[in-house]
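Each chain, written out:
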Amino acid sequence: MTIPVQAILDRVTDLLLDKDRADDQARWSDTELIRWINDSRMAIITRKPSACSKIATVALVAGSHQTVPANGVQLMDIICNMGTDGTKPGRSIRRTDRQNLDDDDLYWQGSTPKAEISQFTYDDRTPKDFFVWPPAVEGTQIKISYAAIPAEVTKTEDSLDVGLEVMDAVVNYVAFRAKSKDSQFANAAEAAGFYGAFGDALGMQTQTQAAASPNQPGNSV
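What counts as what
- Residues numbered from 1 in each chain as written.
- Predicted model: local features only at pLDDT ≥ 70, side-chain atom pairs only at ≥ 80, totals over all residues.
- Heavy atoms only, no water.
- Salt bridge = Lys/Arg side-chain N within 4 Å of Asp/Glu carboxyl O.
- Helix = DSSP H or I, 4+ residues; strand = E, 2+ residues; numbered from the N terminus.
- Buried < 20%, exposed > 50% of the residue type's maximum accessible area, 1.4 Å probe, protein only.
- Pairing = 2+ DSSP bridges.
- 1 Å grid on protein atoms, 1.4 Å probe; cavity = no way out; pocket = protein on both sides within 12 Å on 5 of 7 lines; lining within 4 Å.
- Points joined across faces, edges and corners; volume = space filled by probe spheres on them.
- Nonpolar A, V, L, I, M, F, W, Y, C, P; charged D, E, K, R; others polar.
- Axes fitted to C-alpha atoms, helices over the stretch in contact; angles between N-to-C directions.
- Parallel < 35°, antiparallel > 145°, perpendicular 65-115°, else oblique.
- Contact = heavy atoms within 4.5 Å.
- Phe/Tyr/Trp six-rings, centres within 6.5 Å; stacked < 30°, edge-to-face > 60°.
- Polar contact = N/O pair within 3.5 Å; in protein donor to acceptor, adjacent residues only side chain to side chain.

Engineer: I'd like a description of the pattern of salt bridges, backed by residues and values.
Structural biologist: This model, assessed by the stated rule, comprises 9 salt bridges. In this structure, Lys181 engages Glu32 in a salt bridge whose closest nitrogen and oxygen atoms are separated by 2.4 Å. Residue Lys181 is located in the loop between α4 (167-180) and α5 (188-212), and its partner Glu32 is located in helix α2 (residues 30-47); the two are separated by 149 residues in the primary sequence. Judged by its relative accessible area of 27%, Lys181 is partly exposed.

Right, here's the structure in full:
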């Protein structure tokens with residue numbers, strides 16, 4: 001699901017007591033507010049990558065070194081092989097430590113490429129990159145989950161692809177930017193309050209997701 005831009009604007013203007021959007025006396029224009037909606041994308045994804053996660057089938061380049069798609073900022077998991085046409089789920093792909101691969105064969109990254117991947121390794125210090133074993137034949141397709149920067153919105157009819165569960169975070173971030181604007185309407189205390197509410201919304205979502213996760217004992221049979 002996505003968040004309609006107009007729904008965000010309605011809630012922001014309620015908070016800012018700036019509801020008379022029909023005349024030219026509005027304190028903050030839709031253009032400004034939409035720009036800050038777009039800014040919220042990076043503010044959210046850097047604090048909670050899973051809020052912008054998606055699952056996709058991707059084609060690998062030749063070799064062991066791979067990267068997430070261009071709109072991605074972080075790999076989250078690799079799920080399975082998807083065959084040569086990307087439509088047939090195949091063998092699961094398991095995470096391993098690079099040291100395990102190195103201990104088995106120091107030259108594993110130069111081994112014979114194959115069209116079926118069995119393992120991958122990932123370093124948190126390079127979140128966009130990962131390595132697969134055996135090295136991939138170019139065009140090999142796999143299913144991954146990754147954090148992706150949502151597309152920009154430009155008009156009130158658009159929707160922001162971050163999910164309704166982060167509505168409060170987006171709204172409070174935009175209100176924070178509005179109250180931080182260098183004008184007669186700037187209010188540092190209110191801006192700080194909205195920024196705190198932005199962080200709290202993401203933190204509460206994290207706690208709720210963890211509590212409701214099927215990985216928690218008793219939540220799944």
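Engineer: So, the pairing of strand β7 (residues 129-136): which residues are in play, and what are the values?
Structural biologist: Where strand β3 (residues 63-67) meets β7, 4 bridges bridge the pair, whose relative direction is antiparallel. Bridging from a neighbouring strand, His65 pairs with Phe131 of β7. Remark: 6 residues form the turn of the hairpin made by strand β6 (residues 119-122) and β7, two consecutive strands paired antiparallel.

Engineer: Go over the layout of surface pockets with me, naming the residues and quoting the values.
Structural biologist: Its volume calculated, the largest pocket comes out at about 190 Å³. Together, Arg95, Thr96, Asp97, Arg98, Thr121, Tyr122, Asp123, Arg125, Thr126, Asp129 and Phe131 line the largest pocket. For the lining of the largest pocket, the elements supplying multiple residues, two or more each, are β6 and β7. Partitioned by chemical class, the residues of the lining of the largest pocket number 2 nonpolar, 3 polar and 6 charged.

Engineer: A description of the packing of helix α1 (residues 5-15) against α2 should follow, citing residues and the corresponding values.
Structural biologist: It is the contact of α1 with α2, at a shortest axis distance of 11 Å, that shows an interaxial angle of 110 degrees. It follows that α1 is roughly perpendicular to α2 by the angle criterion. Contact with α1, carried on its side by Val5, Ile8, Leu9, Val12 and Thr13, involves Asp30, Leu33, Ile34 and Ile37 of α2 and no other residues of that element. Here the contact of α1 with α2 is built from residues that sort into 7 nonpolar, 1 polar and 1 charged.

Engineer: Outline the packing of aromatic side chains, supporting the account with residue identities and numerical values.
Structural biologist: Any aromatic ring pair is given by two values, namely how distant the centres are and how the planes are angled relative to each other. On inspection of all chains with the given rule, the structure shows 4 aromatic pairs. Ring centres of Tyr195 and Phe198 lie 5.7 Å apart, and the angle between their planes is 40 degrees; this geometry places the pair in the tilted category. Pair noted here: Tyr195 and Phe198 are both in helix α5, with a separation of 3 residues, about one helical turn. Under the relative-accessibility criterion, Phe198 is labelled buried at 0%. Among the aromatic side chains, those forming a connected cluster through ring pairs are Tyr173, Phe176, Tyr195 and Phe198.

Engineer: Before we move on, can you summarise the side chain of Thr121 with the specific residues and values?
Structural biologist: Locating Thr121 in the fold gives a position in strand β6. Take Thr121: its relative accessible area is 5%, and that puts it in the buried class. One polar contact links the side chain of Thr121 to the main-chain carbonyl oxygen of Thr96, over a distance of 3.2 Å. Apart from residues lying up to four places away in sequence, Thr121 is in contact with Thr96, Asp97, Arg98, Leu101, Trp108, Phe130 and Phe131.

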